Amino acid sequence: MPADCLFCRIVASEIPSDRLHEDDLVVAIRDIAPRAPTHILLMPRRHIASAAELTDDDGPMLGRLFSVAADLARAAGIADSGYRLVSNVGRWGGQTVDHLHVHLMGGRAFDWPPG
Ligand code: 5GP
Ligand code: ZN
């Protein structure tokens, strides 16, 4: 684990978070600065810098991550109205934390394309 990775430290509980789910592959927390009524971050336990680093071997983790996202969306009551799943990659993609994460956002309508 990179010592300076914020999300590795959150996964390791060295930094507190509002944790909504955890299992052997995936951790889900509430975003500290929500941009929608529901704003959850889903991340692998293992450090992966971004979606650009994923390989075939990460299939089980990704399947888990997206099924947990669907479960959390249902639990948050946003599944029927719809929601946004997004993973920012790199500087122009808007990535600010270099540990792969997927934003689960809902509770309002979103524009397309994003700004
Ligand atoms: P990115 O910009 O990399 O796609 O998303 C990073 C997200 O992490 C942002 O939405 C930001 O609000 C969130 N974030 C940054 N620091 C923390 C933190 O310490 N705790 C939590 N729960 N979220 C954080
Ligand atoms: Zn990390």
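Everything here concerns the structure above.
Computed from a prediction, not measured in an experiment: that's the story for all the values here. (Residues numbered from 1 in each chain as written. Chains lettered and ligands numbered in written order. Predicted model: local features only at pLDDT ≥ 70, side-chain atom pairs only at ≥ 80, totals over all residues. Heavy atoms only, no water.)

Structural notes on the side chain of histidine 39
- With respect to the helices and strands, histidine 39 occurs in strand 3 (residues 38-44).
- Overall, histidine 39 belongs to the buried group, its relative accessible area being 6%.
- Engagement of the side chain of histidine 39 in a polar contact is seen with the backbone nitrogen of arginine 35, the distance being 3.0 Å.
- In this structure histidine 39 touches Arg30, Asp31, Ala33, Pro34, His103, Leu104 and Met105, once residues within four positions along its chain are discounted. (Helix = DSSP H or I, 4+ residues; strand = E, 2+ residues; numbered from the N terminus. Buried < 20%, exposed > 50% of the residue type's maximum accessible area, 1.4 Å probe, protein only. Polar contact = N/O pair within 3.5 Å; in protein donor to acceptor, adjacent residues only side chain to side chain. Contact = heavy atoms within 4.5 Å.)

Remarks on the sheet that holds strand 2 (residues 26-30)
- The antiparallel open sheet is built from five strands, whose spatial order is 1-2-3-5-4. Each end of this open sheet is capped by a strand with a single partner; those strands are strand 1 (19-22) and strand 4 (83-86). Between one strand and the next, the sheet's axes are offset by a mean angle of 15°, whatever the strand orientation.
- Across the sheet, helix 2 (residues 59-76) is in contact with strand 1, strand 2, strand 3, strand 4 and strand 5 (102-106); its angle to strand 3 comes to roughly 160°. (Pairing = 2+ DSSP bridges. Axes fitted to C-alpha atoms, helices over the stretch in contact; angles between N-to-C directions.)

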